[in-house]
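# Close look at the chain arrangement
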Number of protein chains: 2
Amino acid sequence: MPNRNDVVNFAAGPSTLPTVVLEKAAQGLLNYNGLGMGVAEISHRSKEFKAVSEKTVSDFKTLMDVPDTHEVLLMQGGGMGAFSTVVLNLLAAWKLQNPESNAKTTLDYIVTGSWSNKAAGEAKRLTQGTDVSVNVALDARNHSQDGKSFSNIPPANEWKYSENPAFVYYCDNETVNGVEFDKSFPYDSLPPNTNLVADVSSNILSRKIDVSKHAVVYGGAQKNAGIAGLTLVIVRKDLLVDTDAAFNLGGIPQVPHLCDYKRHADNESMYNTPPMFAIYVSGLTFEHILNHGGVDEYSKRSDRKSSKLYQVIDNSNGLYKPKVSPESRSRMNVVFTLPDEETEKRYLNEADKLGLKNLKGHRSVGGIRASLYNGITEEDADKLIEMMKSFK
Amino acid sequence: MPNRNDVVNFAAGPSTLPTVVLEKAAQGLLNYNGLGMGVAEISHRSKEFKAVSEKTVSDFKTLMDVPDTHEVLLMQGGGMGAFSTVVLNLLAAWKLQNPESNAKTTLDYIVTGSWSNKAAGEAKRLTQGTDVSVNVALDARNHSQDGKSFSNIPPANEWKYSENPAFVYYCDNETVNGVEFDKSFPYDSLPPNTNLVADVSSNILSRKIDVSKHAVVYGGAQKNAGIAGLTLVIVRKDLLVDTDAAFNLGGIPQVPHLCDYKRHADNESMYNTPPMFAIYVSGLTFEHILNHGGVDEYSKRSDRKSSKLYQVIDNSNGLYKPKVSPESRSRMNVVFTLPDEETEKRYLNEADKLGLKNLKGHRSVGGIRASLYNGITEEDADKLIEMMKSFK
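All of the points below concern the structure found in this document. The model shown is predicted, which means the values in this text are computed figures rather than measured ones. (Residues numbered from 1 in each chain as written. Chains lettered and ligands numbered in written order. Predicted model: local features only at pLDDT ≥ 70, side-chain atom pairs only at ≥ 80, totals over all residues. Heavy atoms only, no water.)

## Observations regarding the environment of Ala225(B)
Residue and element names in this part refer to chain B. Note that Ala 225 resides in the loop between β9 (216–220) and β10 (231–236). For the pair Ala 225 and Val 281, spaced 56 residues apart in sequence, the C-alpha separation works out to 8.4 Å. Once residues within four sequence positions are removed from consideration, Ala 225 is found in contact with Ile 204, Leu 205, Leu 232, Ser 282, Thr 285 and Phe 286. (Helix = DSSP H or I, 4+ residues; strand = E, 2+ residues; numbered from the N terminus. Contact = heavy atoms within 4.5 Å.)

## So, the environment of Ala351(B)
Residues and elements named next belong to chain B. Position of Ala 351 among the secondary structure elements: in helix α9 (residues 341–353). For Ala 351, a relative accessible area of 0% puts it in the buried group. Considering only alpha carbons, one finds Ala 351 and Met 388, 37 residues apart in sequence, at a separation of 8.6 Å. Apart from residues lying up to four places away in sequence, Ala 351 is in contact with Leu 356, Leu 359 and Met 387. (Buried < 20%, exposed > 50% of the residue type's maximum accessible area, 1.4 Å probe, protein only.)

## As for the side chain of Glu180(B)
Residue and element names in this part refer to chain B. Turning to its location among the elements, Glu 180 is positioned in strand β7 (residues 179–180). Overall, Glu 180 belongs to the buried group, its relative accessible area being 1%. Here the side chain of Glu 180 touches Asn 203 through a polar contact of 2.9 Å, side chain to side chain. When near neighbours in sequence (up to four residues on either side) are disregarded, Glu 180 contacts Ile 153, Asp 172, Asn 173, Asn 203, Arg 207, Glu 327, Ser 328, Arg 329, Ser 330, Arg 331 and Met 332. (Polar contact = N/O pair within 3.5 Å; in protein donor to acceptor, adjacent residues only side chain to side chain.)

## Side note on the nonpolar core
Formed by 219 residues in total, the largest nonpolar core has its most connected members in Tyr109(A), Phe185(A), Phe277(A), Phe185(B) and Phe277(B). Phe185(B) has contacts with Ile110(B), Trp159(B), Tyr161(B), Val168(B), Tyr170(B), Leu190(B) and Leu196(B), leaving out every residue within four places of it along the chain. (Core = buried A, V, L, I, M, F, W, Y, C linked by side-chain atoms within 4.5 Å.)

## Some remarks on helix α4 (residues 114–126) of chain A
Helix length check: α4(A), at 13 residues, gives a terminal C-alpha distance of 19 Å against a target of 18 Å (1.5 Å per residue), a fit within 8%. Restricting attention to buried positions, one finds in α4(A) the residues Ser116(A), Ala119(A), Ala120(A), Glu122(A), Ala123(A), Arg125(A) and Leu126(A). In this fold, the buried residues of α4(A) make contact with α3 (78–97), β3 (105–111), β4 (132–139), β5 (167–171) and β6 (173–174) of chain A together with α5 (243–248) of chain B. (Expected span 1.5 Å × (residues − 1).)

## Details of helix α8 (residues 294–314) of chain A
All names here are of chain A. Helix length check: α8, at 21 residues, gives a terminal C-alpha distance of 30 Å against a target of 30 Å (1.5 Å per residue), a fit within 8%. Gly 294, Val 295, Tyr 298, Ser 299, Ser 302, Lys 305, Ser 306, Leu 309, Tyr 310, Val 312 and Ile 313 are the residues of α8 that are buried. All buried residues of α8 lie within an arc of 165° about the axis, which places them on one face of the element. (Arc of directions from axis to C-beta.)

## Focus: the interface of chain B and chain A
Across the boundary between the two partners, chain B contributes 68 residues, which contact 68 residues of chain A. Each partner contributes to the roughly 5,300 Å² buried at the junction of chain B and chain A, and carbon and sulfur atoms together form 61% of this total. For the chain B face of the interface with chain A, the top three residues by lost area are Leu30(B), Glu41(B) and Arg125(B), together amounting to 13%. Applying the counting rule to chain B against chain A returns four salt bridges. Here Arg125(A) ties to Asp244(B) by a salt bridge, and the two come within 2.8 Å at their closest N and O atoms. (Buried area = accessible area lost by both parts, 1.4 Å probe. Salt bridge = Lys/Arg side-chain N within 4 Å of Asp/Glu carboxyl O.)

That is the geometry; function is a separate question.
What follows is the structure, encoded as structure tokens:
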């Protein structure tokens, strides 16, 4: 039976975490800080757990350079949950600023892959029958070579922002399609004072992001930041609004309590019982990243891991075929195909024998996907690279 | 530094779990089933995790005697989240059966403590501006001796159901107030074909409940059934409806995706990434309960633990003053006061010295609260009982 050292787990998320983080988490599950009780067995309002929660938030703020203008919320529901909560809360904020009964607005979505596409779909659902419409400012499929794949992000001058959107939404890294914004979102393309929303679920803590340019930055924890069940939300403080007052003005959807940013903020994310163990694991992960050079260091590692892997792909004389244009290639999810299914199978078998696991592409697009999250060391990535060099 | 054997954790939730469950969970966190990867690091769609999830659901169905008419969903958001989701989904089902534009309905709440009171409050919020109103069929405070405490559940003939409510809601055990329905909700009091909704967050798996009499039974996992971050929802299959179609008929609120029962059911609770580790811990907890005699056995243990403790209280010549009338006393949360704050402090100190922890009452009501969840053995409870006998 393999132990952790025999295996490299290239899963697209949930994904691998540092062994030392999990060892400490396992210890805390049974006996936290010598209390004789586990970290998930004590009250979330106890001073011991409050200390866990506060340190988790504070380390996260440090790692993300969160300015004083923004608040960090620990929520549930993952990225998919945030598709809904972002719309509900930002529309409430918009309504309070535009209380006239005939006020209308749009939500602009930059669709660069499966996840931003789903987010736009949920925004359309939630705004049915309201005074709000959704504008897909970019559907990158229309700019691809085959007219139907998410394989590049065209320059912002080809996008179509609406006049005065309540927000502009993008997904910084598309896990399924292996598409990532080159260095950052093109902030300069935005109309002045636009609320920008980023889904960073799959590249959080792998490079710097300028939080101050955003209204909301959120991510599910289960890739670079912990285990599934926790959603990290950074929100500009002026957007923490009384959603009841907003709803009473009409024209927008109601906000269920569990989706309400202000309610979470006012209660330091303890309005309801938070996912305590997931918070603890994220806290340990943040500490680990801080102790190993912070986001700057992980950013460099990500660059090195992914560029080495893309090099092998590009120098394979067509054996490995990349799916994404060079300027939009993800450092987190490297996607490519092999000449035929037979060879793909052989590749996966070969990898499997060497303990290189979970390399199959997403069921919706097929092919191969190697995810190089923060939990994958450079040595881990090198094992795959060596295997790919020798595979014929 | 104390280890787990030195301490008994009487926390009201999150609360203590069996050590063997946590030991197995800790092992699985690092290396699940000899994969060389942890249970929270693999894809939620992998065959390995699907097996975990399916066994968790299947053991839960066995423990709860869930009939074929009902489905089990693994959700997030806790009891507080369910306050919203129950309203949203059951109103969608109601609307599809009552599509006329002038259809109106009510939601009946049986308010017997802090949690059902909060649930009623959220129902009022969510139905503002819709064709639905909330009827508090019982506010137990009005039936208490002091006119303001939740300290008993008056008989159902004193409640005021509305004519034809979309559902009747109750909380089977009120954690803060230590109030529990005697044996079960009075099913016979209900008008025929009423959808009954039960919050069993804090007494789930501690006694049999007749699921077939309910439209929805739900509970946060973090008391008797696992750790925080997972909500167990049992819903009758005819209530899994197309909420978009319902919303389009008008008069009801929209349902965000993360709250949508049918979407979770159609995707076997994997529409979004589920809280995998919390599911794993619940699965281990269910297995543990099944291997130790099932709900019948835990029900007997609960009866024995709580009646012994109430006996000490009742025979203390007024040293311990119970807060709840005998017929509505909770088997899970035993609440009482001591003559004055000074004595309460002394009591808590004494208990603390013996490793008896987390006995302080909820901040909103004060006093003492000893929670006797499934994780508390009879020997654990006896330690407290002995201490209380000798305390003067």
